[in-house]
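Descriptive analysis of the structure
Given next are the chains, with one letter for each unit.
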Amino acid sequence: MTEIRLLTPTGHLGFTMLEPESFLRGMAQGPDFVVADSGSSDIGPYPLGADEPCSPVEWQTHDLEMMLVACRRQGVPMIIGSAADTGTDRGVDTYVQILRAVAERHGLPPFRLAYIYAQVSPDEVRRRLRTGVRIAGLDGRPDLTEADLDRTDRIVAVMGAEPIIAALEAGAEVVICGRSSDPAIFAAPLLWKGLDPATAYYAGKVLECASFCAEPFMGKESVLGVVRPGEVIVEPMHPGQRCTPLSVASHAMYERATPFFEHLPGGVLDMRNCRYEAVDERRCRVTGFAFQPEPTVRVKLEGAGKRGERCLAIVGFRDPDTVARIDAVLDWARKKVEARFGPGGYELHFHVYGRNGVMADLEVVDRPAHELCVVVEGVAPDRRTAAELTAMAARQMFYARLPGTKGTAGTAALMSDEVLPARPAYEWTVNHVMPVQDPRELFRLHLTTVP
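Below is a summary of the structure that appears in this document. The model shown is predicted, which means the values in this text are computed figures rather than measured ones. (Residues numbered from 1 in each chain as written. Predicted model: local features only at pLDDT ≥ 70, side-chain atom pairs only at ≥ 80, totals over all residues. Heavy atoms only, no water.)

**Quick notes on the overall build of the protein chain**
- Looking only at helices and strands, the protein chain features 13 helices and 21 strands.
- What you see for the protein chain is a C-alpha radius of gyration of 25 Å, in line with the 22 Å of a compact globule of 451 residues.
- Considered along the principal axes of its C-alpha atoms, the protein chain spans approximately 80 × 55 × 50 Å.
- Here the protein chain, with 451 residues, has 52% of them falling under the buried criterion.
- Counting only contacts in the protein chain whose residues sit at least 6 apart along the sequence, the fraction spanning at least 24 positions is 78%.
- Here the protein chain displays about 19,900 Å² of accessible surface, and carbon together with sulfur accounts for 52% of that area.
- Charge separation in the protein chain, taken as the distance between the mean sites of 49 positive and 60 negative side-chain charges, equals 2 Å. (Helix = DSSP H or I, 4+ residues; strand = E, 2+ residues; numbered from the N terminus. Rg over C-alpha atoms; globule rule 2.2 N^0.38 Å. Buried < 20%, exposed > 50% of the residue type's maximum accessible area, 1.4 Å probe, protein only. Contact = heavy atoms within 4.5 Å. Areas by Shrake-Rupley, 256 points an atom, 1.4 Å probe, with all protein chains shown as cover. Lys, Arg positive; Asp, Glu negative; His and termini not counted. Charge placed at Lys NZ, Arg CZ, Asp CG, Glu CD.)

**Some remarks on helix H12 (residues 326-341)**
- With 16 residues, H12 ought to run about 22 Å at 1.5 Å a step, and its terminal C-alpha atoms sit 23 Å apart, in line with that.
- Along H12, the positions that sit buried rather than exposed are Ile 326, Val 329, Leu 330, Trp 332, Ala 333, Val 337 and Phe 341. Seen end-on, H12 carries its buried residues on one side only, within an arc spanning 155°. H12 presents Lys 335 and Ala 339 as exposed residues on the side facing more than 90 degrees away from its buried surface. (Expected span 1.5 Å × (residues − 1). Arc of directions from axis to C-beta.)

**Notes on the environment of Gly 132**
- If you trace the backbone, Gly 132 turns up in the loop between helix H5 (122-130) and strand S6 (136-137).
- Measuring from C-alpha to C-alpha, the distance between Gly 132 and Phe 317 comes to 55 Å, with 185 residues separating the pair along the chain.

**Thoughts on the packing of aromatic side chains**
- Applying the stated criterion across every chain, the model contains nine aromatic pairs.
- Judged by centre distance (5.6 Å) and plane angle (50°), the rings of Phe 212 and Phe 217 are tilted.
- Classification of Phe 212 as partly exposed rests on a relative accessible area of 34%.
- In textbook terms, an aromatic cluster arises when at least three aromatic residues are bridged by ring pairs, as seen for Phe 212, Phe 217 and Tyr 254.
- Taking NZ or CZ as reference, Lys 193 lies 4.7 Å from the ring centre of Trp 192, over its face.
- The ring of Phe 341 carries the charged tip of Arg 340 above its face, separated from the ring centre by 4.9 Å. (Phe/Tyr/Trp six-rings, centres within 6.5 Å; stacked < 30°, edge-to-face > 60°. Lys NZ or Arg CZ within 6 Å of the ring centre and 35° of its normal.)

**Observations regarding the nonpolar core**
- In this structure, Ile 164, Val 175, Tyr 202, Val 234, Leu 301 and Leu 442 are the most contacted members of the largest nonpolar core, which totals 62 residues.
- Ranked by residue count, the leading element in this core is helix H9 (residues 197-207), at seven residues.
- Look past the residues within four positions of Leu 442 in its chain and what remains in contact with it is Tyr 117, Val 120, Arg 128, Ala 157, Val 299, Leu 301, Met 434 and Val 436.
- Core analysis: the next-biggest nonpolar cluster, separate from the first, contains 37 residues, Leu 68, Ala 70, Ala 83 and Ile 233 among them. (Core = buried A, V, L, I, M, F, W, Y, C linked by side-chain atoms within 4.5 Å.)

**Description of the side chain of Ser 82**
- One can find Ser 82 in strand S3 (residues 78-85).
- Given a relative accessible area of 0%, Ser 82 falls into the buried group.
- Excluding residues within four positions of it along the chain, Ser 82 makes contact with Asp 37, Ser 38, Gly 39, Gly 87, Cys 177, Gly 178, Arg 179 and Ser 180.

**What about the environment of Pro 109?**
- Relative to the elements of secondary structure, Pro 109 occurs in the loop between helix H4 (89-106) and strand S4 (111-117).
- Along the chain, Pro 109 and Arg 72 lie 37 residues apart, while their C-alpha atoms are 7.9 Å from each other.
- Residues contacting Pro 109, with those up to four places away along its chain left out, are Val 450 and Pro 451.

**Re the pattern of salt bridges**
- This model, assessed by the stated rule, comprises 37 salt bridges.
- Where Arg 395 meets Asp 417, a salt bridge forms, and the shortest distance between an N and an O atom there is 3.3 Å. Placement of Arg 395 in helix H13 (residues 383-396) and of Asp 417 in the loop between strand S19 (412-414) and strand S20 (420-436) is noted, with a sequence separation of 22 residues between them.
- Looking at Asp 417, the relative accessible area reads 54%, which means it is exposed.
- Salt bridges sharing partners connect three or more residues here, namely Glu 3, Arg 5, Arg 228, Glu 231 and Arg 285. (Salt bridge = Lys/Arg side-chain N within 4 Å of Asp/Glu carboxyl O.)

**Overview of the sheet that holds S4**
- Reading across the sheet, the ten strands line up as S13-S14-S10-S9-S1-S2-S3-S8-S4-S21 and stay open at both edges, with mixed pairing between neighbours. Looking at strand neighbours, the two that pair on one side only are strand S13 (275-278) and strand S21 (444-450), the edges of this open sheet. On average, each strand axis in the sheet is inclined to that of its neighbour by 20°, with strand direction left out of account.
- In this sheet, S3 lies alongside strand S2 (residues 33-39) in parallel orientation, the contact comprising five bridges. What sits directly across from Asp 37, in S3, is Gly 81.
- In the packing of helix H3 (residues 57-74) onto the sheet, the strands contacted are S2, S3, S4 and strand S8 (174-177), and the crossing angle to S3 comes to about 170°. (Pairing = 2+ DSSP bridges. Axes fitted to C-alpha atoms, helices over the stretch in contact; angles between N-to-C directions.)

**Re the sheet that holds strand S12 (residues 267-270)**
- Overall, antiparallel pairing links the three strands, which are arranged S11-S12-S15 in an open sheet. Each having just a single partner strand, strand S11 (261-264) and strand S15 (290-293) make up the two edges of the open sheet. Within the sheet, the average angular offset between the axes of one strand and its neighbour, ignoring direction, is 20°.
- As paired strands, S12 and S15 are joined by four bridges and run antiparallel to one another. Across the sheet, the residue bridging to Val 268 is Gln 292, located in S15.

**As for the side chain of Thr 61**
- Within the secondary structure, Thr 61 is located in helix H3.
- Polar contacts involving the side chain of Thr 61 include one to the main-chain carbonyl oxygen of Val 57, which spans 2.8 Å.
- Filtering out sequence-adjacent residues up to four positions away, Thr 61 remains in contact with Ile 98 and Arg 105. (Polar contact = N/O pair within 3.5 Å; in protein donor to acceptor, adjacent residues only side chain to side chain.)

**Observations concerning a nonpolar patch on the surface**
- A contiguous nonpolar patch, built from Tyr 353, Val 358, Met 359 and Leu 362 and spanning about 440 Å² of accessible area, is present on the exposed surface.
- Among the secondary structure elements, Val 358 is positioned in the loop between strand S17 (347-353) and strand S18 (372-380). (Patch = residues over 30% accessible without salt bridge, like charges linked within 9 Å, V, L, I, M, F, W, Y side chains within 5 Å.)

If you want it as structure tokens, here you go:
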């Protein structure tokens with residue numbers, strides 16, 4: 001094929017529901033494949049560690065139903081990556097069950113469904129460590145150790161294009177993937193059709209977040225990519241959006257430490273020489289990308305483990321003197337908690353919104369707002385301890401002894417005089433890359449016919 005048309009309706013399937021009008025407008029353009037990602041590490045470690053979705057199943061069903069019905073009626077293959085937010089085996093099974101129910105509900109003709117598991121046992125990773133395999137850390141982490149695995153509840157491997165290509169070669173018309181590289185799920189059908197890796201992976205990079213590469217900002221709108229060797233043209237399907245050289249080029253900076261490189265299993269996408277040109281008022285053409293293969297295929301591993309039970313309390317401050325000395329208030333509360341519970345065995349965090357609650361130590365503004373909201377977060381091995389230490393920290397802020405204060409009524413305001421139970425606290429324990437002999441060896445491909 002000299003030209004392949006990819007339609008992506010959403011950058012995270014089910015996170016909020018996709019917009020139907022632009023999706024159907026995109027389907028009318030005759031795409032060769034419909035591809036959507038459904039997961040992210042942006043949602044934090046809890047969903048992976050607890051193996052729970054971060055979005056209601058009804059929202060995910062909405063998106064899957066709209067896509068599957070349209071694709072099967074037009075005979076267009078469909079690929080979904082990182083099923084149910086985290087790409088665990090549970091997530092893949094959930095999506096397979098949803099698709100079966102949708103097919104039955106709409107009386108769809110039979111189709112070939114492939115589903116690919118990406119969850120990896122900590123014991124399998126441990127076995128490889130013991131054979132001397134180095135599993136290197138990312139983002140400044142040290143190499144993986146068995147102690148890291150001891151703290152890990154669940155691990156997924158991030159698949160590249162090869163398992164998906166194997167599914168397409170086996171005749172799959174719908175592919176549900178476990179945890180996947182975002183660009184790889186788009187690159188897979190392009191590579192399968194014979195396009196070069198540079199073109200395929202760049203198309204995946206620019207299309208992965210759907211309408212985020214267009215302007216003005218509109219989430220959950222569909223984008224069409226027209227892909228030819230050495231060339232990718234992107235066009236938004238919402239009539240009020242346009243893809244410009246500025247909007248497409250700036251998307252390369254989104255969620256990236258560098259706008260020039262995208263690391264993938266088996267190589268690096270090099271975008272230093274990309275050229276962005278306006279085709280017309282709504283379309284942008286990109287050329288000049290390159291792909292640098294690496295001699296060793298390394299697969300990223302993501303793992304999460306539980307730290308403890310967690311509770312929250314919300315306290316507000318408006319008194320100017322207290323706002324100016326909020327650190328002294330927090331220090332008083334922290335010392336009172338330590339006097340009750342000791343110096344360790346728990347965690348106590350104060351998130352000061354109005355000062356640096358969003359950016360923490362990265363905040364560049366040193367003048368707080370006229371009022372502050374302090375979210376108290378307590379983490380302990382059990383829920384009862386977490387609730388008590390959180391309550392103590394919140395209430396002790398009423399009684400902070402600040403020099404010169406004459407009032408006795410307290411200067412804190414509780415939004416609600418209660419401790420709010422929260423989800424357990426999880427942490428990222430594995431953010432590493434592991435060398436493999438075969439890019440498919442960590443992934444398990446299954447084929448079935450639906451219905």
